[in-house]
Structure formats: C-alpha cells, structure tokens
Amino acid sequence: MSTQEASPKLNLLLDGCKELGIPIDEHQEQQFARYFATLADWNQRVNLTSIIEPDAVQTLHYLDSLTVAGALPTESLQSGRVLDVGAGAGFPGVPLKIVFPGMHLALMEATGKKVTFLQHLVDHLELTDVDVHLGRAEDLAKDPALRESFDVVLARGLAKMAALVELTLPFLKPGGLLVAHKKGDIDAEVHDATKAIRVMGGKPPSIREVNAPGLTGGRVLVIVEKVSPTPVGYPRRAGMPAKQPIGK
Ligand code: SAH
C-alpha cells in the first residue's frame, strides 16, 4: 500500500481499540485512514452515510462496528465465515475484517451504487477473502452456496428485529450466531420478534450492552443463536419480511 496519502492520527480509534482490547498495528491504522479518505470522497457522489466528520467516523462507525468483537468466539473472528447483510458503506463488516484479517467476509447489499463502492473499497484496502454480493437478502438466501453456510451474520441498521431475523437467520449454519446492532429501548422490538426468531430456527435472544469511548445512547447487541434449519419457505419474497413481519 502506498504511504503517500496523508494519514491523520486516528487517536479516538486507537484509544477505543485499547479499551476494547483490540490490538491495531500501523498497517491496520493506515487501512482505516484510507477507508476514511475513500468514504469521504465517494460520499460526495453516492449517498453512503450522514456521519462523515473524522471524529464521528472513528467512534460512530469504526468503534461501534468493532464492539461486535466482544460478542463473538475468537475462532469465528480469526477464521470464521462472516456475512454482513445490508452492509451499506461497509459497517460493521469492513472494520472487523481490517482487525481480524483471517476472517472470511461476505458483504451483501441491495443497492448497486453501494456495491460498487464496497468492491472499490475492498480492492483499495487490499483486503483479501472478501466477497461482495449485490442483491436482496430474500433472493440471495435461495442460493445454496450462501444459505445455511455462515458461522456469523451481522446486521446494523437493516430492519426491525422481526424482519431482520427473517433476512439474516436463513444464512446461518445451525450453531451459528446473529449479532444485530440496536439502539435505545429495544425490549418491545425484541419481544415482537419472538415468533419470527423461533420460526427461523433461532433460540431466544440475549442482549449485550456495549460500551466504547464516545459511544452513547444505550447501544446493545442482540445475539441470536441458530439451533435448527430455517424452513424452505423462508425468507418470503422480497419486501414481505419488512411489509408483513411474522406476528408475535
Ligand atoms: N449496515 C450499514 C448500512 C445500514 S442502512 C450501516 O450500519 O451503516 C441499511 C442498508 O441495508 C442499506 O444500504 C440498504 O440498501 C440495505 N438493505 C435493506 N434491505 C435489504 C435487503 N433486503 N437485502 C439487502 N440489503 C438490504
């Protein structure tokens, strides 16, 4: 990777990683700096994120993404098959891949322009073993190469829990884990997803509060273990999980 680009010191990221117990070397720091430069550049043409100020990107995107690490077994982080559904500008999947380069990462995104960005980003950061999939989760879940094939599925900002589990759990192997980023009071939302989780083959969720420097607003990770295969009829056709979530 060239070192010609200015790499601002990412102090908030570095301090936060220390607190999260995640070591970051210079190469990884440079990848985060390059990620920022690429995001800022593309965001002028493609609507990727409203959070673009450098401090906010470090806390609300990078560190927030990395809080997932504390919820996953080391083996999954180091060599697992991890899928980020509705990856948008790459959160939380890409920051995790930077700090755990042995992970096999797949990014799934329905919007073509975002997929173009993600593919560029992966190439530009010289990340290896990352697949970028264009399409809706409802359709891609029918692909036998993807269905029930991941150890971990991540989702941030994708949908309400009841729809989210229909869009994500079909991709997990039994024994795998869904980790969903959520904010605020999510008890009711999780309660509304009780039946959907059961139907998709998941166990009742656990909720983990997350803390990292600069992160406020009651952030939690909702963690669902998949215990049995998802029935063939799910997910339903594109749009249905959000439009008509499986009832309580
Ligand atoms: N995870 C990112 C983006 C959140 S916005 C972040 O936290 O910053 C949600 C993203 O999910 C959008 O980019 C949207 O295009 C994508 N998305 C929504 N429904 C989807 C579906 N059914 N399948 C695949 N992607 C979807």
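Our subject is the structure listed above.
Predicted model only: the values in this text are computed from it and were never measured. (Residues numbered from 1 in each chain as written. Predicted model: local features only at pLDDT ≥ 70, side-chain atom pairs only at ≥ 80, totals over all residues. Heavy atoms only, no water.)

Trainee: Any details on the overall build of the protein chain? Residues and values, ideally.
Mentor: Within the protein chain, the regular secondary structure consists of 11 helices and 7 strands. For 248 residues, the compact-globule estimate of 2.2 N^0.38 gives 18 Å, and the C-alpha radius of gyration of the protein chain, at 17 Å, lies within 12% of that figure. Each principal axis of the C-alpha atoms in the protein chain carries an extent, and together these give about 50 × 35 × 30 Å. Contacts in the protein chain between residues far apart in sequence, at least 24 positions, make up 71% of those at least 6 positions apart. Accessible area of the protein chain: about 11100 Å², with a carbon and sulfur share of 51%. (Helix = DSSP H or I, 4+ residues; strand = E, 2+ residues; numbered from the N terminus. Rg over C-alpha atoms; globule rule 2.2 N^0.38 Å. Contact = heavy atoms within 4.5 Å. Areas by Shrake-Rupley, 256 points an atom, 1.4 Å probe, with all protein chains shown as cover.)

Trainee: So what about helix α6 (residues 112-124)? Which residues, and what values?
Mentor: Helix length check: α6, at 13 residues, gives a terminal C-alpha distance of 18 Å against a target of 18 Å (1.5 Å per residue), a fit within 8%. All buried positions along α6 are accounted for by V115, F117, L118, L121 and V122. The buried residues of α6 occupy one face: seen down the axis, they fall within an arc of 155°. Packing partners of the buried residues in α6 comprise α2 (26-42), α5 (93-99), β2 (104-109) and β3 (130-134). Looking one or two residues beyond α6, the residue adopting positive phi is E126, at roughly 55°. (Expected span 1.5 Å × (residues − 1). Buried < 20%, exposed > 50% of the residue type's maximum accessible area, 1.4 Å probe, protein only. Arc of directions from axis to C-beta.)

Trainee: Can you explain the pattern of salt bridges? Please cite residues and give values.
Mentor: Within the structure shown, the criterion is met by 9 salt bridges. When the shortest N-O distance is used, the salt bridge between R219 and D64 registers 3.4 Å. Taken together, the residues R219 in strand β7 (residues 219-225) and D64 in helix α3 (residues 54-66) connect sequence positions 155 residues apart. Overall, R219 belongs to the buried group, its relative accessible area being 12%. One salt bridge connects E166 with R236, and the closest N-O pair in it is separated by 2.7 Å. Note that E166 is positioned in helix α8 (residues 161-168) and R236 in the loop between β7 and α11 (240-243), a separation of 70 residues in sequence. A residue is classified by how much of its surface remains accessible, and E166, at 0% relative accessible area, is buried. Ionic contacts of the salt-bridge type, sharing partners, join the residues D64, R156 and R219 into one network. (Salt bridge = Lys/Arg side-chain N within 4 Å of Asp/Glu carboxyl O.)

Trainee: Which residues make up the environment of V199, and what are the values?
Mentor: With respect to the helices and strands, V199 occurs in helix α10 (residues 194-200). For V199, a relative accessible area of 23% puts it in the partly exposed group. Placed 47 residues apart in sequence, V199 and I246 show a C-alpha to C-alpha distance of 8.8 Å. Ignoring anything within four residues of it in the chain, the contact list for V199 reads P231 and Y234.

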